[in-house]
Amino acid sequence: MQKNLIPIPYDHPGATNQSACSTAQAWASQPRDPKPEEKAALIAHIKQMLKDQGAVLVAHYYVNSDLQDLAESSGGYVSDSLDMAKFGYEHPARTLVVAGVRFMGETAKILNPEKRVLMPDLEANCSLDLGCPADEFAAFCDAHPDRTVVVYANTSAQVKARADWMVTSSIALPIVRHLKEQGKKILWAPDRHLGRYIQEQTGADMLLWQGSCVVHDEFKLVALEELMAAHPAARVLVHPESPEPIIALADVVGSTTQLINASQALDAHEFIVATDNGILHKMRTLSPNKVFLEAPTRGYGATCVSCNHCPWMAMNGLLNLAEVLEQGNNEIHVERAVGERARVSIQRMLDFAKQINLPGKGLGNA
Ligand code: SF4
């Protein structure tokens, strides 16, 4: 077993929550999109409501392509979660409509407490967030008071409030290196694969919570090797929430934004992409002449219905977006004291990013 990696039984909340995933899949199977012949009118209706309400739509790369296109064509934004929140912070709109998962809405609210933050579906969650309950995480921190607490963006406001630092996947490495140089020992949560990757890259002393992403955890080594053999010129792009053997085959390991940038910059025609397949819409839009293949999840023993798509991200659709704007419901609330504490860990990261000149688009997470 890896040094400093604490063993947690599979039924610990830090382990992948399969029943929650199944519930989300059931939700995601509900219709979220209109009939094709009704789509154009619905999009026009949503745009008008956004305008009338002084609202702006910010969407994640993993939500469906209609929402991504609508965000951009209505003056909103598509990016990773932190850039979404930063965009919302800088935009004058009083209402932010966040198409993504719950922790993204909460982060937007923490950074913009005076604004109204709405989401198409408040039940859209994340296995990393669900697998790291605030009370159990607090007990874990209490048991290791000598460690600096670093949490990934994919956590609840309460967990962020307990942290010293919040990080996203593209800034996690420089921040952990910085802490290591200061002689700090780290308590990391919740993604075990990302934590292991950062520990390997930095050599830092890291104690890992054992959470995982239900999408990235499903990429299959043998099937990926077979796909690579069939496409020997393809470059392999991998998000670091993926298991170690998948990362070991990557040409590029990075956050959503870093992978999109790599797909544009690399001189290759074919790419195999190991992250949620929602990202392919942006990659194909930016590089229409390149070929993007999904890394396989249909190996031997897949459990997450092998779809390469987050069941919670799939809860976002045109129909529930329209409903939220019509009814003004599904507002995100974060208790003020929790938000103020959580903001400290987020602000620390933002200040560090400025200090090292990390570009705005590049702070991204899942
Ligand atoms: S893709 Fe994974 S990390 Fe991203 S929101 Fe879904 S479950 Fe969470």
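(A) Expanded view of the pairing of strand β12 (residues 291–294). As paired elements, strand β11 (residues 270–274) and β12 share four bridges and run parallel to each other. For F271, the partnering residue across the bridge sits in β12 and is F292. The handedness of the β11 to β12 crossover, carried by helix α14 (residues 279–286), is right-handed.

(B) Here's a closer look at the packing of helix α4 (residues 81–90) against helix α5 (residues 102–111). As a packed pair, α4 and α5 sit with axes 9 Å apart at the nearest point and diverge in direction by 35 degrees. Crossing of α4 against α5: the hand is right-handed. The residues of α5 that touch α4, namely those facing S81, M84, A85, G88 and Y89, are M104, T107, A108 and L111. Classifying every residue of the contact of α4 with α5 by side-chain character gives six nonpolar, three polar and no charged.

(C) Quick peek at the sheet that holds strand β8 (residues 206–208). Strand order in the open sheet formed by four strands is β6-β5-β7-β8, and the pairing between neighbours is parallel. Edge positions in the sheet fall to β6 (165–167) and β8, since each of these pairs with one other strand and no more. Direction aside, the axes of adjacent strands within the sheet are offset by 25 degrees on average. Direction of pairing for strand β5 (residues 148–152) relative to strand β7 (residues 186–189): parallel, over a ladder of four bridges. When the sheet's bridge partners are listed, V151 is paired in β7 with A189. Those strands touched by helix α9 (residues 172–181) are β5, β6 and β7, and its axis lies near 150 degrees from that of β6.

(D) Spatial organisation of the packing of helix α2 (residues 36–52) against helix α15 (residues 318–327). Put simply, α2 and α15 touch, their axes get as near as 10 Å, and they point 35 degrees apart. Judged by the sense of rotation from one axis to the other, the crossing of α2 with α15 is left-handed. Across from K39, L42, I43, H45, I46, M49 and L50 in α2, the residues of α15 making contact are L318, L321, A322, L325 and E326. Residue composition of the contact of α2 with α15, grouped by class: nine nonpolar, one polar and two charged.

(E) Expanded view of the environment of L96. Mapped onto the elements, L96 comes out in strand β3 (residues 95–99). With 28 C-beta atoms packed within 10 Å, L96 lands in the buried category. In contact with L96, other than residues within four places in its own chain, are V56, V58, G88, A108, N112, K115 and V117.

What counts and what doesn't
Residues numbered from 1 in each chain as written. Predicted model: local features only at pLDDT ≥ 70, side-chain atom pairs only at ≥ 80, totals over all residues. Pairing = 2+ DSSP bridges. Helix = DSSP H or I, 4+ residues; strand = E, 2+ residues; numbered from the N terminus. Right-handed = clockwise from strand over helix to strand, strands pointing away. Axes fitted to C-alpha atoms, helices over the stretch in contact; angles between N-to-C directions. Left-handed = near helix turned anticlockwise from the far one by under 90°. Contact = placed C-beta atoms within 7 Å. Nonpolar A, V, L, I, M, F, W, Y, C, P; charged D, E, K, R; others polar. Buried ≥ 20, exposed ≤ 12 C-beta atoms within 10 Å, placed from the backbone.

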